[in-house]
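Letter by letter, the chains look like this.
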Amino acid sequence: MKRVAISQRRDADPNYREVRDCLDIRFAKLLWEWGFLPLPLASGVSNPSTYLHAMSPDAIVFTGGNDIGSAPERDALETAALDYAAYYQLPVFGICRGLQMLNHYQGGHLRSISGHVAIEHTISGPLTQHSPRTVNSYHKYAVYPDTLGNNLRALAWVEDGSIEALCHTTLPWLAIMWHPERDSQINAADKAFITMLLTEGRLP
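Residues numbered from 1 in each chain as written. Predicted model: local features only at pLDDT ≥ 70, side-chain atom pairs only at ≥ 80, totals over all residues. Heavy atoms only, no water.

The protein chain is annotated in an unreviewed UniProt entry as Glutamine amidotransferase of Vreelandella lutescens.

This is the structure:
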């Protein structure tokens, strides 16, 4: 069974004077049902690199939540996780912030965008075999062709030009802006490329 490390949202709860790592149960549930062992990552560890080597994941998933820069501990953990994945050439799959983090790691940047929160829109590109497809959207920042990081290739986009999916040109890294786990029934194409990536390290 492949061990899949999953990054988590970092939230503060002033009522309990706690800072918490949080994970939508739907994605861990999907991974388990697809035959993977989900291992949530803890952002409070003092040495992320040592922590990742002790965990020894076979693949890494970067989930949504927290704008980049708003949770430095999470940023540091995910940066260490990408260092680890690059060194061992592990599969990486990103969702929403996960795509933004991969782009940031590769030297790209984001621009604010409007009209992309709690809506559905149509995407197309190589990932959809250039056939239009409707996906959900929950983000305030976007990657555009002129803000795309080094060694990254766009795989899907919307009509306003913002990038909805990308991959690394040499590493088995793939990321999307929509949330498959939030669909009432997961799209068969999403399941196919996610499981292929995490199991075999192959890009669609």
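Engineer: So what exactly am I meant to see when it comes to the packing of aromatic side chains here?
Structural biologist: For any two aromatic rings, the description comes down to two numbers: the centre-to-centre distance and the angle of the planes. Under the defined criterion, the tally for this structure stands at four aromatic pairs. On the numbers, 4.8 Å between centres and 50 degrees between planes, the contact of Tyr-84 with Tyr-88 is tilted. Of this pair, Tyr-84 and Tyr-88 are both found in helix α3 (residues 72-88), four residues apart, which corresponds to roughly one turn of the helix. A relative accessible area of 41% places Tyr-88 in the partly exposed class. Sitting above the plane of the Tyr-144 ring, Arg-111 keeps its charged end 4.3 Å from the centroid. Residue placement shows Arg-182 over the ring face of Tyr-138; its charged tip is 4.5 Å from the ring centre. (Phe/Tyr/Trp six-rings, centres within 6.5 Å; stacked < 30°, edge-to-face > 60°. Helix = DSSP H or I, 4+ residues; strand = E, 2+ residues; numbered from the N terminus. Buried < 20%, exposed > 50% of the residue type's maximum accessible area, 1.4 Å probe, protein only. Lys NZ or Arg CZ within 6 Å of the ring centre and 35° of its normal.)

Engineer: For this particular structure, what's the right way to read the pattern of salt bridges?
Structural biologist: Tallied over the entire structure, the rule returns 11 salt bridges. Glu-73 is the partner of Arg-10 in a salt bridge, and the nearest nitrogen-oxygen pair spans 3.4 Å. Taken together, the residues Arg-10 in strand β2 (residues 9-13) and Glu-73 in helix α3 connect sequence positions 63 residues apart. Owing to a relative accessible area of 38%, Glu-73 belongs among the partly exposed residues under this scheme. Taken together, the shared-partner salt bridges in this structure form one network comprising Arg-74, Asp-75, Glu-78 and Arg-97. (Salt bridge = Lys/Arg side-chain N within 4 Å of Asp/Glu carboxyl O.)

Engineer: What's the story with the side chain of Ser-162 in this structure? I'm lost.
Structural biologist: Looking at the secondary structure, you find Ser-162 in the loop between β11 (152-157) and β12 (163-168). A residue is classified by how much of its surface remains accessible, and Ser-162, at 1% relative accessible area, is buried. Within polar-contact distance, the side chain of Ser-162 engages the side chain of Asp-160 at 2.7 Å. (Polar contact = N/O pair within 3.5 Å; in protein donor to acceptor, adjacent residues only side chain to side chain.)

Engineer: Looking at this structure, how should I read helix α2 (residues 48-55)?
Structural biologist: In an α-helix, one turn spans 3.6 residues; hence positions three or four apart end up facing the same way. Burial in α2 covers these residues: Pro-48, Tyr-51, Leu-52 and Met-55. Each buried residue of α2 lies within a common arc of 95 degrees when the element is viewed along its axis, so the set occupies one face. Looking at the buried side of α2, the elements it contacts are β1 (3-6), β4 (37-40) and α3. Looking one or two residues past α2, Ser-56 carries a phi angle of roughly 50 degrees, positive in sign. (Arc of directions from axis to C-beta. Contact = heavy atoms within 4.5 Å.)

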